[in-house]
Amino acid sequence: MLRILAILAALMLAPFAHAQTVMKLASATINDVQHEWQKVFAAELEKRAPGKVKTEIYPASQLGAIPRMVEGVLLGTIESFVTPTSFMVPTDPRFTIYDVPGLFTSPEHVVKVMHDPAYRDHFETMFLDRGIRIIGAIYNSPTLVLTKKPAPKLEDLKGMKIRTFASPLQMEPMKSVGAIPVPLALTEVIPQLQSGGLDGMLAGMPILTAFKYYDVAKYVTDLQFSYILSVNLVNESWFKAQPKDVQDAIRAAGREAEQKAFPWVLDNNKKSYETWLANKGEILKLPAAEQEAMMKNFVALGTKIVEANPAVKKEFEILNTLVDAKMPK
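Residues numbered from 1 in each chain as written. Predicted model: local features only at pLDDT ≥ 70, side-chain atom pairs only at ≥ 80, totals over all residues. Heavy atoms only, no water.

### Comments concerning the packing of helix α4 (residues 107-114) against helix α12 (residues 310-325)
Geometry of a packed helix pair, given as the angle between the helix axes and the separation of the axes.
Line of reasoning, step 1. In contact at an axis separation of 9 Å, α4 and α12 are set at 125 degrees when each is read in the N-to-C sense. With respect to α12, the element α4 is oriented oblique. The handedness of the crossing between α4 and α12 comes out as right-handed. Within the contact between the two elements, α4 uses His109, Val113 and Met114 and α12 uses Leu319, Leu322 and Val323.
Line of reasoning, step 2. Residue composition of the contact of α4 with α12, by class: 5 nonpolar, 1 polar and no charged. (Axes fitted to C-alpha atoms, helices over the stretch in contact; angles between N-to-C directions. Helix = DSSP H or I, 4+ residues; strand = E, 2+ residues; numbered from the N terminus. Parallel < 35°, antiparallel > 145°, perpendicular 65-115°, else oblique. Left-handed = near helix turned anticlockwise from the far one by under 90°. Contact = heavy atoms within 4.5 Å. Nonpolar A, V, L, I, M, F, W, Y, C, P; charged D, E, K, R; others polar.)

Written out as structure tokens, the structure reads:
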């Protein structure tokens, strides 16, 4: 009798022994490097922990606007969320340091710094006190400004309402040239451009082409004053609840996806510029002297902002030392 009961108990528990944990992967974008990282990560995680984690990818703000997804990963209702660092600044001002104008000189420079083994380890655990772990550090794109009217000079931006990321290092540079920064979730931008609530936006070209912004605005001024860095965050309580082998698989899959996404994003950025032009969009550049003066002003402004907060300044000094060491010769 005891043997029969033991067999029945084992049969009842069998489905739970192989139960998968669900990992929702959220983002505001689609068909860009953030989305690509998620797809590569999911495949790499399945290789390393077969059958143990069920990944579900939700691009294009399917799980809510950016502020709601930030809340979700902080609360644990969303296990994973990928976003530019700028959108995490309200959660922790230390994220500000990655937006400093002129910090990086090229996409390759971004990767050399952010994928430096020692710094990558530091970066992964830097925000554990906020309940989040970084498992992806992803080069995204250069910063440019989209406008409904052409802006071949900075003075053309004066008085324009420009959507920015929720970071002082996007907002304050726009203020310094006379524009009016408007932090706004991506889902709200196109309706505001159509209604006149916005005159333009700061973004990377892949977002503009993925969401067909050329249908509402035709002009891009290629400012390139900073390189957008995206981060994939996971809720630390959820992460710690996973078995050690799954934790190791998540961390390894994240780093592998970083490496595999880089050549993809370089090619995608190139294609996005071509797509913009093919859809009758225009790409403008500032006169060389004005670009140089703008960068000098933006770098000084960014440095002042990050050095005003002791905790932010400390992290910026660590990062900047590595930036200098990895500078292309």
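### Here we look at the side chain of Ser272
Line of reasoning, step 1. Looking at the secondary structure, you find Ser272 in helix α10 (residues 244-278).
Line of reasoning, step 2. For Ser272, the side chain forms a polar contact with the main-chain oxygen of Asn269, separated by 2.7 Å. (Polar contact = N/O pair within 3.5 Å; in protein donor to acceptor, adjacent residues only side chain to side chain.)

### Structural notes on the sheet that holds strand β10 (residues 227-235)
Line of reasoning, step 1. In space, the 5 strands of this open sheet follow the order β2-β1-β3-β10-β4, with mixed pairing throughout. Looking at the sheet topology across the chains shown, the edges are occupied by β2 (53-58) and β4 (132-142). Looking at each pair of strands side by side, their axes are set apart by 20 degrees on average, direction ignored.
Line of reasoning, step 2. One ladder, built from 6 bridges, connects strand β1 (residues 21-27) with β2; its direction is parallel. Note on β2: the bridge partner recorded for Val22 is Lys54. (Pairing = 2+ DSSP bridges.)

### As for the sheet that holds strand β11 (residues 282-284)
For sheets, the rule is that strands pair by backbone hydrogen bonds, running either parallel or antiparallel.
Line of reasoning, step 1. As summarised here, the arrangement of the 6 strands in space is β7-β6-β8-β5-β9-β11, forming an open sheet in which the pairing is mixed. Looking along the sheet, the strands with just one partner apiece sit at the ends: β7 (180-183) and β11. Neighbour-to-neighbour, the strand axes of this sheet turn through a mean angle of 30 degrees, independent of strand direction.
Line of reasoning, step 2. When strand β6 (residues 161-164) meets β7, the two strands line up parallel, connected through 4 bridges. Pairing of Thr164 across the sheet is with Pro183, part of β7.
Line of reasoning, step 3. Of the strands in this sheet, β5 (144-147), β9 (219-221) and β11 are in contact with α10, which crosses β11 at around 120 degrees.

### What about unusual backbone geometry?
Line of reasoning, step 1. Although it is not a glycine, Ala60 sits at a positive phi angle of roughly 55 degrees.
Line of reasoning, step 2. Turning to its location among the elements, Ala60 is positioned in the loop between β2 and α3 (66-75).
Line of reasoning, step 3. Despite not being glycine, Lys212 shows a phi value in the positive range, around 55 degrees.
Line of reasoning, step 4. Relative to the helices and strands, Lys212 resides in the loop between α8 (205-210) and β9.

### Here we look at the nonpolar core
Line of reasoning, step 1. Formed by 84 residues in total, the largest nonpolar core has its most connected members in Phe41, Met114, Phe123, Leu208 and Tyr213.
Line of reasoning, step 2. Residue contributions to this core peak at 10 residues, all from α10.
Line of reasoning, step 3. Excluding residues that lie within four positions of it along the chain, Phe123 makes contacts with Tyr98, Met114, Ile134, Ala137, Leu229 and Val231.
Line of reasoning, step 4. Grouped together as the second largest cluster of nonpolar side chains are 16 residues, Ile162, Leu223, Leu286 and Met295 included. (Core = buried A, V, L, I, M, F, W, Y, C linked by side-chain atoms within 4.5 Å. Buried < 20%, exposed > 50% of the residue type's maximum accessible area, 1.4 Å probe, protein only.)

### Considerations on empty space enclosed by the protein
Line of reasoning, step 1. Scanning all chains against the criterion turns up 3 cavities of 30 Å³ or more.
Line of reasoning, step 2. Roughly 150 Å³ of volume is contained in the largest cavity.
Line of reasoning, step 3. Surrounding the largest cavity, 19 residues form its lining, Thr29, Pro84, Phe87, Phe165 and Ile207 being those nearest its centre.
Line of reasoning, step 4. Secondary-structure elements contributing two or more residues to the lining of the largest cavity are β3 (80-84), β4 and β8 (200-203).
Line of reasoning, step 5. Among the elements that line the lining of the largest cavity, the one with the most residues is β3, at 4 residues.
Line of reasoning, step 6. Residues that form the lining of the largest cavity fall into these classes: 12 nonpolar, 6 polar and 1 charged.
Line of reasoning, step 7. Here the second largest cavity defines a volume of roughly 40 Å³. (1 Å grid on protein atoms, 1.4 Å probe; cavity = no way out; pocket = protein on both sides within 12 Å on 5 of 7 lines; lining within 4 Å. Points joined across faces, edges and corners; volume = space filled by probe spheres on them.)

### Quick notes on the pattern of salt bridges
Line of reasoning, step 1. One pass over the structure, following the stated rule, counts 26 salt bridges.
Line of reasoning, step 2. The shortest N-O distance in the salt bridge between Lys24 and Glu79 comes to 3.1 Å. One end of the pair, Lys24, is in strand β1; the other, Glu79, is in the loop between α3 and β3, and 55 residues separate them in sequence. Of the two residues, Lys24 and Glu79, both sit in the buried class.
Line of reasoning, step 3. The salt bridge involving Arg133 is made with Glu124; its shortest N-O contact spans 2.9 Å. (Salt bridge = Lys/Arg side-chain N within 4 Å of Asp/Glu carboxyl O.)

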